[in-house]
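# Examination of the molecular architecture
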Amino acid sequence: MDIVNKDEIEKKGFIDLDVDKSIDIVEEIKLMRQQKNAVILAHFYQESEVQDIADFVGDSLGLAQQAAATKADIILFAGVHFMAETAKILAPQKKVLIPDLQAGCSLADSCPPDEFAEFKKKYPGHTVISYVNTSAEIKALTDIVCTSTNALQIVQSLPETEKIIFAPDRNLGNYIRSMTGREMVIWDGACHVHEEFSLERMLELKKENPDAQIIAHPECEKHILIVADHIGSTTSLLNYTIRDKGKKYIVATESGILHQMRKANPEKIFIPAPPKDSTCACNDCKYMKLISLKKIYNTLKYELPEITLEQDLMDQARGSITRMLEISDRLHL
Ligand code: 13P
Ligand code: SF4
């Protein structure tokens, strides 16, 4: 076996080794997965070929539920860092691998823990609800984590009189506030992908395709959500395209989800919503797209890079995530 240098992996974020061209990389990954009792969990925003090799493809809630329940010894997370961190916190005895440590999240980065701790001090007596797109440090400062699938129900599960801090996504927070009418203090963070959609270009597209419906993730800005026919998490958008009678959809979220939409509805047409930068046809999350089959192969082979967290931090962060899972379980989400 080649020698891999841990310091270099830390610096680059991934194992920079070529894969022998004569091997069938998909078959080799499947073989190693079986030999090592590993499970591959992939988010809907991953490259199609990565989604196709995964044991489970889902949204951030589904992936957390899978991580909490798996019997595998190794969890290989084909997604971004906060998702792999959440898996490690839920399954601390397991080895959690991520093929590229640089697979971050602009939304999680928009909420630095020290600034958030100061912000929280200004609102004593408030319950903190944080979107799962946050670091373990923010989860440790949180009462209940939520995802876009359950944010509405989690806010509604609290008594009317409860004062709420919602972090870090301003768009999801404003959307939940408008749906529930609840008073919420909202952290001013956002995702770079979901704030890139152009309303003007989208309405032009709609004019050219009057039979198309607009479906949008709640991380999009209000002016996009206002024109949407359906708003929801990635799973909710996918399920909508399956149960809806329509034939054409303009999809305002990261383009990776189109793979599952097309697989589930081969007869329907899916158009990625256009970003403000007209030189590009769709919106990709540069972090999600750092994961490749080659990196998955090397990661399974060498069992690196691994997610490691201080025990105390994991213990402090776990309560807010398990509270979310309990509420979601109760509500069959
Ligand atoms: P989901 O909760 O729909 O998986 O969304 C996660 C995410 O990162 C959205 O940008
Ligand atoms: Fe984070 Fe946005 Fe990428 Fe989702 S799409 S992982 S919120 S940067």
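Overview of the structure. (Residues numbered from 1 in each chain as written. Chains lettered and ligands numbered in written order. Predicted model: local features only at pLDDT ≥ 70, side-chain atom pairs only at ≥ 80, totals over all residues. Heavy atoms only, no water.)

For the protein, the count of helices and strands is 16 helices and 12 strands. Its C-alpha radius of gyration of 20 Å places the protein within 12% of the 20 Å reference for a compact globule of 333 residues. Projecting the C-alpha coordinates of the protein onto the three principal axes gives extents of approximately 60 × 50 × 35 Å. Residues counted as buried form 56% of the 333 residues belonging to the protein. A separation threshold of at least 6 residues defines the contact pool for the protein, and within that pool the share at least 24 residues apart is 65%. (Helix = DSSP H or I, 4+ residues; strand = E, 2+ residues; numbered from the N terminus. Rg over C-alpha atoms; globule rule 2.2 N^0.38 Å. Buried < 20%, exposed > 50% of the residue type's maximum accessible area, 1.4 Å probe, protein only. Contact = heavy atoms within 4.5 Å.)

Take the pairing of strand 11 (residues 248-252) next. Along any regular strand the residues' side chains alternate between the sheet's two faces. Along strand 11, 5 of the 5 residues are buried, which leaves the element largely enclosed by surrounding structure. Burial of strand 11 is two-sided: the residues Lys-248, Ile-250 and Ala-252 facing one way and the residues Tyr-249 and Val-251 facing the other way are all buried. Where strand 9 (residues 213-216) meets strand 11, 4 bridges bridge the pair, whose relative direction is parallel. Directly across from Gln-213, in strand 11, lies its bridge partner Tyr-249. Where strand 11 meets strand 12 (residues 269-272), 4 bridges bridge the pair, whose relative direction is parallel. If you follow Ile-250 over to strand 12, its bridge partner there is Ile-271. (Pairing = 2+ DSSP bridges.)

Let us now look at the state of the cysteines. Counting across every chain of the model gives 0 disulfides. A disulfide-free cysteine, Cys-111 has its sulfur positioned 11 Å from the sulfur of Cys-105, the nearest such atom. (Disulfide = S-S within 2.5 Å.)

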